[in-house]
Amino acid sequence: MSTWTLAYDAFVPEEEGLREALTSTGNGYFCTRGTCEWADSIIDRLDDPGCYYPGTYMHGGFNRTTTMMGGRPVVNEDFVNLPNWLPMTLRIEGGEPFSLGTAEVLSYHHEFDIRHCTVNRTVRFKDGAGRETTLFSRRFVSMAKKHLAALEWTITAENWSGKVEVISALEGRVHNWGVARYRELESRQLEPVSTGVVGDDGMSLLVRTNQSSIYIAEAARTRVFKGGEAMAVARGTQQQDGNITQTLAFDIAEGEPVVVEKLLAFYTSRDSAISKPLVNAETTVARLEGFEAMYAEHWTAWDHLWGACDIELPKQDRVQMIIRFHINHILQCCSPNTVDLDAGVPARGLNGESYRGHIFWDELYIYPFITSRIPEITRSLLMYRYRRIDEARALAKAAGYRGAMYPWQSGSDGSEETQVVHLNPKSGSWDPDFSHNQRHVNAAIFYNIWQYFETTGDTEFLAGYGAEMLLEIARFWASIAHFNAERDRYEIHGVMGPDEFHESVYGSDKHGVPNNAYTNMMVAWIMEVAQKVLDALPPSRRTSLRETLGIDDAEVRSWSDMCHKMFVPFHGDGLLTQFEGYENLEELDWDAYRAKYDNIHRMDRILKAEGTTPDKYKVAKQADTLMLWYLFPEEQLRRLFTGLGYEYKDDTARKNTDYYYERCSHGSTLSLIVHAAIERELEPSASWDMFLSALESDVNDIQGGTTKEGIHMGVMAGTLDLVQRGYMGAEVRDGALYFDPKLTDHLDGVSYAIRFLGAPLRVSLQSGQLTVKVEGEGHAVSVGVGDSVREIGPGESTTFAL
């Protein structure tokens, strides 16, 4: 099998939405779903979306709308489906426009070129008059030049000659309609502004979002070629509010292919270094040479990215293909084109509307892969958080806390975007949503910043931006905690853990739970690192930042006290309690629910639909307490527990893993990533099985219909991190990069490039030996396996026997 291709050899209508998401093409600035060009757009709430859903999305493309529900206004910030630049339809001899529903399909092939992020389709069909035609399309969003995209058709009349028409359009009347459970909410996001003709062969469209006033301009040229020469065509243009269409009529001869190309320039008012979006779009598209020239630049840009980002696994073809597929999608969302943008990482990427394009804690799983390859991307993404630190401070102050409290869901300006109500598709009811209490997102942001610093040594970022965020997050945690004199411990109440199912202690009227073990342990670690942050700063910056933030010696001492006195609940011998009160909950009859329902991933929705609540049971959506073993090496956890005065035994990891795995529905694709990472040492064969399941989660849509609403960035990046940090055991410690490879039989032959402290490295595993090389332009770094630590200079390599 090809490890660079994802392909489908039949058209299956019920799978088309999934395939559209999987075969999207993006460049880190904007992204277009892999919808066929002849599909209709959703331009009215009454439209039947059928099996297609065209969608184009960009970083920062947010807009707020208000829906009246139950007599009260409900405001949501949405990820706007932008004007559809794809529409091209084919009409033969004045007949009906081609569609797979009306023609007799003789053969069909839909292919995604992973290496060069290109979506291809080949359709052979016969119309009602017996005319047989082959239509080959290929399409890309340019990685070389972020404002460009292009599509190309090759039309071959196999047994006929005659007149054809190609109808090319820019459609700005689209609605947000890609997530069924959102359809009761306001879906109209765009307002038409203007349409126009560009030169002899182009057209343009300008729209704006109806609340955030983002202007989006598209300009396209559609041309026809035969034998490499431009053909004369009869061209007609129709314009209406929010739509412009050009009809190109020409003759075609049997057996003589005709090529139609559509070139796009895409600009918005969020861009820098522009005059006006429409002016730049029209000027740019008029200058374009053609599809092949654009494609050659795009091809080269992707080749360069693969040089930095590929993970070679030569003996595992299926694994290799999906790993590369995941790398492709990470780069579609976060590429060098993202660096100059004010952008975070949408949890569902740039190819769907699920989660409304918002930024959650999924960065925790995404950054490790990016940071160790193209760290300037991570730095840019972290700046998204820094630019919103004042809003985080305002959120903390409004809640009665100090410091910076980042929201669970972040969008345009850093406000809390978590919905007030959420539709339960199992019951059809709108339930209150308390997930804003997932304050652990602040621990994740802290972790991400510190990991970036340790991996890159970027002291400029730490001093200029990172330290301020780290210290303000530490200050928030210090203020949300309270001291329990009876226990001589600090406690944190009123939060939700990563579990997400438990909104309160069963029987309590208070929202949130007390003393979530994961949260409290993270806070203990944060308080320890906060003191290191101050020590890592240049003296002048340390003084100025402490004066600016008003951090005195007493506050620093309180952090030191907290890192030794956080309360962590236990029940049983060495068994952490997910939160206080969890130990008193009822056990769920898992076998009964598995027999009753085909899919129990979302046990919260099932239980609520049955009139009960997950608060009553020992059930989790995803790994919660076990996140500790995912984020920290066991020896570091042992030290943290010991520092808190708690015993950490040799079987602590095993006990907790077994206990919580049995009580998890794995309702998040992230859960398998966490469990696979933990089991790499405890149960390697089970770990590999979980890894394989995680790999297939989006490609095979194992959650039953969610991937068509947007791919899952966290699980895709998480599988890559499993190879890097999980199975290769990469860990930064005391300024050195350590490896501790596991499952070496599965990983034999693995090879990849990374950067550590700015030095480019090549890491490979072959026949029980780990080799690390510093590329010629690098500098010396320290690399270790076990107790053996070696310094490697530029152009040198070292091999460790495992």
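The present account deals with the structure reproduced in this document. Residue indices begin from 1 for each chain and proceed along its sequence in written order. Totals for whole chains, interfaces and linings use every residue, but because this is a predicted model, local features are given only for residues with pLDDT of at least 70 and side-chain atom pairs only at 80 or more, for both listing and counting. Note that the side-chain values use all heavy atoms of the structure and ignore hydrogens as well as water.

## Considering the packing of helix α3 (residues 291-309) against helix α4 (residues 317-333)
The angle between the axes and the distance between the axes are what describe a pair of packed helices. Test applied: For helices, the fitted line uses only the C-alpha atoms of the stretch in contact; every axis is such a line through C-alpha atoms, and the angle between N-to-C directions lies from 0 to 180 degrees. To qualify as a helix, a DSSP run of H or I must reach at least 4 residues; to qualify as a strand, a run of E must reach at least 2; elements of each kind are numbered from the N terminus. Helix crossings fall into two classes, left-handed where the near helix is turned counterclockwise from the far one by less than a right angle and right-handed where it is turned clockwise. Contacts are assigned to residue pairs that have any heavy atoms within 4.5 Å of one another. Residues are grouped as follows: nonpolar covers Ala, Val, Leu, Ile, Met, Phe, Trp, Tyr, Cys and Pro; charged covers Asp, Glu, Lys and Arg; every other residue, Gly included, is treated as polar.
One can describe the packing of α3 onto α4 by two numbers: an axis separation of 12 Å at closest approach and a directional angle of 115°. Once α3 is placed against α4, the crossing between them reads as right-handed. Between α3 and α4, the residues in contact are Trp302, Leu305, Trp306 and Cys309 and Arg324, Ile327, Asn328 and Leu331, respectively. Residues belonging to the contact of α3 with α4 are distributed by class as follows: six nonpolar, one polar and one charged.

## Concerning the sheet that holds strand β31 (residues 788-792)
As a reminder of what qualifies: Any two strands between which DSSP finds at least two bridges are classified as paired.
If you trace the four strands from one edge of the open sheet to the other, you get β25-β26-β30-β31, paired in mixed fashion. Unpaired on one side and paired on the other, β25 (731-733) and β31 mark the two borders of the sheet. With strand direction ignored, the average angle separating the axes of adjacent strands in the sheet is 30°. Across three bridges, β25 lies against strand β26 (residues 736-739) in antiparallel orientation.

## Some details on the pattern of salt bridges
For clarity, the cut-off: Salt bridges are defined as contacts in which a side-chain nitrogen from Lys or Arg sits within 4 Å of a carboxyl oxygen from Asp or Glu. Accessible area is worked out with a 1.4 Å probe on protein chains only. A residue is then buried under 20% of its type maximum, exposed over 50%, and partly exposed in between.
Inspection of every chain in the model, using the stated rule, returns 66 salt bridges. A salt bridge links Glu528 to Arg639; its shortest N-O distance comes to 2.9 Å. Within this pair, whereas Glu528 is found in helix α10 (residues 517-536), its partner Arg639 is found in helix α16 (residues 634-643), the two being separated by 111 residues in sequence. Relative accessible area serves as the criterion here: at 18%, Glu528 is assigned to the buried category. A residue is classified by how much of its surface remains accessible, and Arg639, at 39% relative accessible area, is partly exposed. For Arg663, the salt bridge identified is with Glu662, shortest N-O distance 3.7 Å. Given a relative accessible area of 11%, Arg663 falls into the buried group. Judged by its relative accessible area of 52%, Glu662 falls in the exposed class. One continuous salt-bridge network, built from bridges that share partners, spans Asp390, Arg393, Arg402, Glu468, Glu472, Arg475 and Glu555.

## Here's the deal with the packing of aromatic side chains
Condition: Aromatic pairing here means that ring centres of Phe, Tyr or Trp (its six-membered ring) are within 6.5 Å. Orientation follows from the plane angle: under 30 degrees is stacked, over 60 is edge-to-face, and everything else is tilted.
Here the structure, examined in full by the defined rule, presents 41 aromatic pairs. Ring geometry for Tyr386 and Tyr465: centres 5.0 Å apart, planes at 75°, overall edge-to-face. With Tyr386 in helix α6 (residues 375-386) and Tyr465 in helix α9 (residues 459-480), this residue pair connects regions lying 79 residues apart in the sequence. With centroids separated by 5.7 Å and ring planes inclined at 50°, the aromatic side chains of Tyr447 and Trp525 adopt a geometry described as tilted.

## A few points about the side chain of Thr707
Selection criterion: Any pair of nitrogen or oxygen atoms within 3.5 Å is treated as a polar contact; in protein, a donor-acceptor pairing is required on top of that, and neighbouring residues in sequence qualify only through side-chain atoms on both sides.
By the secondary structure assignment, Thr707 is in the loop between α19 (684-699) and α20 (713-727). In this structure Thr707 comes out as buried when scored by relative accessible area, which is 0%. At 3.0 Å, the side chain of Thr707 and the side chain of Asp701 are in polar contact. In contact with Thr707, other than residues within four places in its own chain, are Leu18, Ala21, Leu22, Arg348, Ser697, Asp698, Asp701 and His712.

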